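Here is how the chains run, residue by residue.
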Amino acid sequence: MSQLTILRYPDPRLHTVAKPVAAVDARLRKLVDDMLETMYGAEGIGLAATQVNVHERLIVIDVSETRDQPLVLINPEITWASEETRVGDEGCLSVPGIYDGVERSIAIKVQALNLDGKLQVHEAEGMLAVCIQHEMDHLMGKVFVEYLSPLKRNRIKTKMIKQKKDEERDAVR
């Protein structure tokens, strides 16, 4: 296993729409292992393949307190979302250190293939429902800051660009 590089907003590759996974095979299982290691290493609760510059419909999630209950969703589709919504603070491994309110359905149903290539249906609410919706946005080329006002989004973009330049400058020293 190896940790992958997480793309940072405003990297244009984060806006690539992911294609369906063609086969659940050894290559995909290795990618899942690497994504889980990357997510856990970054102390995240979810990671979409888009965020590691792989533009396939694949998500890994672990919202458990013990961090040992990974959920792998291959070619996920939300088949139902509650009309009831809630605004909650979200963060993102591609936008480190930024948190803001996003409105999401409080409960969803999602169908996806598992690592055995079998179709499964998951009912989710609370943090898991939010996380799935957030990661599914990545597969559609959308980052959570796009739900925010243009003013907030531009401030975040400026901050992320400055942060990257500072890191690059520090790496040279």
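Residues numbered from 1 in each chain as written. Predicted model: local features only at pLDDT ≥ 70, side-chain atom pairs only at ≥ 80, totals over all residues. Heavy atoms only, no water.

(A) Inspection of the side chain of Asn-75 at higher detail. Mapped onto the fold, Asn-75 is located in strand S3 (residues 71–81). Under the relative-accessibility criterion, Asn-75 is labelled buried at 18%. Setting aside anything within four residues of it in sequence, one finds Asn-75 in contact with Pro-20, Val-21, Arg-57, Gln-111, Ala-112 and Leu-113. (Helix = DSSP H or I, 4+ residues; strand = E, 2+ residues; numbered from the N terminus. Buried < 20%, exposed > 50% of the residue type's maximum accessible area, 1.4 Å probe, protein only. Contact = heavy atoms within 4.5 Å.)

(B) A look at the layout of surface pockets. Considered as a void within the structure, the largest pocket measures approximately 540 Å³ in volume. At the level of secondary structure, the elements contributing two or more residues to the lining of the largest pocket comprise strand S4 (85–92), strand S5 (95–105) and helix H2 (126–139). The element best represented in the lining of the largest pocket is S5, accounting for 8 residues. Split into classes, the residues belonging to the lining of the largest pocket amount to 14 nonpolar, 10 polar and 6 charged. In this structure, the second largest pocket encloses a volume near 330 Å³. Every residue lining the second largest pocket is counted, 17 residues in all, and those nearest its centre are Ile-6, Leu-7, Arg-8, Lys-164 and Glu-167. The biggest single contributor to the lining of the second largest pocket is helix H3 (residues 150–172), with 6 residues. (1 Å grid on protein atoms, 1.4 Å probe; cavity = no way out; pocket = protein on both sides within 12 Å on 5 of 7 lines; lining within 4 Å. Points joined across faces, edges and corners; volume = space filled by probe spheres on them. Nonpolar A, V, L, I, M, F, W, Y, C, P; charged D, E, K, R; others polar.)

(C) Quick look at the nonpolar core. Counting 16 residues, the largest nonpolar core has Met-35, Leu-47, Leu-58 and Val-60 as the members making the most contacts within it. Elements supplying a minimum of two residues to this core: helix H1 (26–41), strand S2 (58–61) and S3. Setting aside residues up to four positions removed in sequence, Val-60 forms contacts with Val-32, Met-35, Leu-36, Met-39, Ile-45, Gly-46, Leu-47, Leu-71 and Val-72. If you look at the next biggest cluster of nonpolar residues, it comprises 15 residues, including Ala-48, Ile-61, Ala-124 and Ala-129. (Core = buried A, V, L, I, M, F, W, Y, C linked by side-chain atoms within 4.5 Å.)

(D) Quick peek at H1. Spanning 16 residues, H1 covers 22 Å between terminal C-alpha atoms, matching the ideal 22 Å at 1.5 Å per step. If you check which residues of H1 are buried, you get Leu-28, Leu-31, Val-32, Asp-34, Met-35, Leu-36, Thr-38 and Met-39. Of the surrounding secondary structure, the elements contacted by the buried residues of H1 are strand S1 (46–48), S2 and S3. Immediately downstream of H1, the backbone of Glu-43 shows phi near 60 degrees, a positive value. (Expected span 1.5 Å × (residues − 1).)

(E) Geometry of the state of the cysteines. Taken as a whole and assessed by the stated rule, the structure comprises 0 disulfides. Left without a disulfide partner, Cys-92 is nearest to the cysteine sulfur of Cys-131, which lies 9.9 Å away. (Disulfide = S-S within 2.5 Å.)

(F) View of a nonpolar patch on the surface. A contiguous nonpolar patch, built from Ile-45, Val-63 and Met-127 and spanning about 240 Å² of accessible area, is present on the exposed surface. Within the secondary structure, Met-127 sits in helix H2. (Patch = residues over 30% accessible without salt bridge, like charges linked within 9 Å, V, L, I, M, F, W, Y side chains within 5 Å. Areas by Shrake-Rupley, 256 points an atom, 1.4 Å probe, with all protein chains shown as cover. Salt bridge = Lys/Arg side-chain N within 4 Å of Asp/Glu carboxyl O.)

(G) Seen up close, the pattern of salt bridges. Taken as a whole and judged by the stated rule, the model has 11 salt bridges. Where Asp-34 meets Lys-30, a salt bridge forms, and the shortest distance between an N and an O atom there is 2.8 Å. Of this pair, Asp-34 and Lys-30 are both found in helix H1, 4 residues apart, which corresponds to roughly one turn of the helix. Exposure remark for Asp-34: the relative accessible area of 6% places this residue in the buried category. For Arg-104, the salt bridge identified is with Asp-137, shortest N-O distance 2.8 Å. In this pair, Arg-104 sits in strand S5 while Asp-137 sits in helix H2, placing the two residues 33 residues apart along the sequence. The same class applies to Arg-104 and to Asp-137, which are both buried. A single salt-bridge network, built from bridges that share partners, covers Lys-162, Asp-166, Arg-169 and Asp-170.

Just geometry here; none of it tells us what the structure is for.
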